[in-house]
Amino acid sequence: RKYIKKYMKSHFGGTILGQGTHGTIIIDPLDSSKVIKSFTILSNCEKLQDEYEVQNELSNDFVSNNFNIVVPKPCSYSITRENCKYTMSRIYPFPEYNYYLLLNLTEINLDKKFSHSSVGYEVGIVPLINKYNVNVQDTVFAIGKMFSYLHWVKMMDGYDCEVIIGSTFEDQNVPKIF
């Protein structure tokens, strides 16, 4: 892991926001309103390209169908001898805090630092209501609508789909579901 962080810093120069089995996400050093998701293991590049294409399609679908969920818009995909990567619009921290919220709807009292991110907290429904003052009914309805769309319209299972509350570059004071 230390090697990957050092490699990412030396090759891209951006701040690492998250790191896990499905790549590393850093702030784009050339445009801080975007992030770069990358793999340094070239055998995973086909998966990353598929993810890029699905995310692009869903981003367009969710805008055109007036969903209350934002899918970060992918911008470009590239592959080199060293890595594969794509850029996308950035999720900004939850208003009033220096982090975004990753929803965990199975552990109702959870409120802890997210293990794969330097700027995320993993939260359950109780802190979502009491600490962060999020309208859980609207949030859960939007999530249900999103997963129904993925399942019935797109024929996707939604595996590894994280639900995050944060904000956009254009409106950093209004919480949104990603």
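Residues numbered from 1 in each chain as written. Predicted model: local features only at pLDDT ≥ 70, side-chain atom pairs only at ≥ 80, totals over all residues. Heavy atoms only, no water.

1. Let's talk about the environment of Thr-168
Filter applied, for reference: In this description a helix means any DSSP run of H or I spanning at least four residues, a strand means any run of E spanning at least two, and both kinds are numbered starting from the N terminus. Residue contacts are defined here by distance: any two heavy atoms, one from each residue, within 4.5 Å place the two residues in contact. In protein, a polar contact means a hydrogen-donor-capable atom and an acceptor-capable atom, both N or O and within 3.5 Å, with residues adjacent in sequence counting only if both atoms are side-chain atoms; elsewhere, any N or O pair within 3.5 Å suffices.
Relative to the helices and strands, Thr-168 is located in the loop between strand E9 (164–166) and strand E10 (176–177). A sequence separation of 64 residues divides Thr-168 from Asn-104, and the C-alpha atoms of the two residues are 21 Å apart. Contact partners of Thr-168, with chain neighbours within four places excluded, come to Tyr-92, Lys-176 and Phe-178. Reaching out from Thr-168, the side chain makes a polar contact with the backbone nitrogen of Asp-171 at a distance of 3.2 Å.

2. Regarding the sheet that holds E10
Strands pair in a sheet through their backbones, by hydrogen bonds, and they do so in one of two ways: parallel or antiparallel. Threshold: Criterion used throughout: strands pair if DSSP finds at least two bridges between them.
Taken together, the five strands give an open sheet; going across it, the order is E7-E8-E6-E9-E10, and neighbouring strands pair in mixed fashion. Looking at strand neighbours, the two that pair on one side only are strand E7 (111–113) and E10, the edges of this open sheet. Pairing geometry for strand E6 (residues 100–103) and strand E8 (residues 120–123), over four bridges, is parallel. Paired with Leu-103 across the two strands is Val-123, which belongs to E8.

3. Details of the sheet that holds strand E3 (residues 34–39)
Applied cut-off: Fitting a line to C-alpha atoms yields each axis, with helices limited to the stretch in contact; the angle taken between N-to-C directions then spans 0 to 180 degrees.
Ordered by their spatial adjacency, five strands build an open sheet running E1-E2-E3-E5-E4, and the pairing between neighbours is antiparallel. Only two strands of the sheet have a single partner each, and these edge strands are strand E1 (16–20) and strand E4 (74–79). If you compare each strand with its neighbour and ignore which way they point, the axes differ by 15 degrees on average. Note that E1 and strand E2 (residues 23–27) share four bridges and pair antiparallel. Paired with Gly-18 across the bridge in E2 is Ile-25. Where helix H2 (residues 45–64) meets the sheet, its contacts fall on E3, E4 and strand E5 (84–89), and the angle it forms with E4 comes to roughly 165 degrees.

4. Some remarks on the packing of aromatic side chains
Basically, it comes down to this: Two rings belonging to Phe, Tyr or Trp (six-membered ring only in the last case) form a pair when the distance between their centres is within 6.5 Å. Interplanar angles under 30 degrees mark stacking, angles over 60 mark edge-to-face geometry, and anything in between is tilted. The classification of residues rests on relative accessible area computed with a 1.4 Å probe and restricted to protein chains. Under 20% of the type maximum is buried, over 50% is exposed, and intermediate values are partly exposed.
The full count for this structure, using the stated rule, is six aromatic pairs. Here Phe-62 and Tyr-149 contribute two aromatic rings whose centre-to-centre distance is 5.7 Å and whose plane-to-plane angle is 80 degrees, an arrangement assigned as edge-to-face. Here Phe-62, found in helix H2, pairs with Tyr-149, found in helix H4 (residues 136–153); they are 87 residues apart in sequence, far enough to count as distant. Here the two residues Phe-62 and Tyr-149 agree in accessibility, since each one is buried. Three or more aromatic residues link up through ring pairs in this structure, and these residues are Tyr-52, Tyr-77 and Tyr-86.

5. Structural notes on the state of the cysteines
Counted only if it meets this: Throughout, a disulfide means two cysteine sulfur atoms within 2.5 Å of one another.
Counted according to the given criterion, the structure contains one disulfide. Across the disulfide from Cys-45 sits Cys-84; the S-S distance is 2.2 Å. Around the S-S axis, the bridge from Cys-45 to Cys-84 shows a dihedral of about -95 degrees and counts as left-handed. Of this pair, Cys-45 sits in helix H2 while Cys-84 sits in strand E5, and the two are 39 residues apart along the sequence. Take Cys-45 and Cys-84: they sit in the same class, and that class is buried.

6. Some details on H4
This is how it is decided: Here a helix's expected span is defined as the number of its residues, less one, multiplied by 1.5 Å. What the arc measures is the spread of directions leading from the helix axis to the C-beta atoms.
Counted at 1.5 Å a residue, the expected span for H4 with its 18 residues is 26 Å, and the 25 Å between its end C-alpha atoms agrees. What H4 keeps buried is the set Val-136, Thr-139, Ala-142, Ile-143, Met-146, Tyr-149 and Leu-150. With its buried residues spanning 160 degrees around the axis, H4 presents them on a single face. The outward face of H4, more than 90 degrees from its buried face, is lined by the exposed residues Gln-137, Asp-138, Phe-141, Trp-152 and Val-153. Each element contacted by the buried residues of H4 is listed here: H2, E6, helix H3 (125–130), E9 and E10. The N-capping residue of H4, defined by a side-chain oxygen 3.1 Å from the backbone nitrogen of Gln-137, is Asn-135. Positioned one or two residues after H4, Met-155 has a phi angle of 55 degrees, which is positive.

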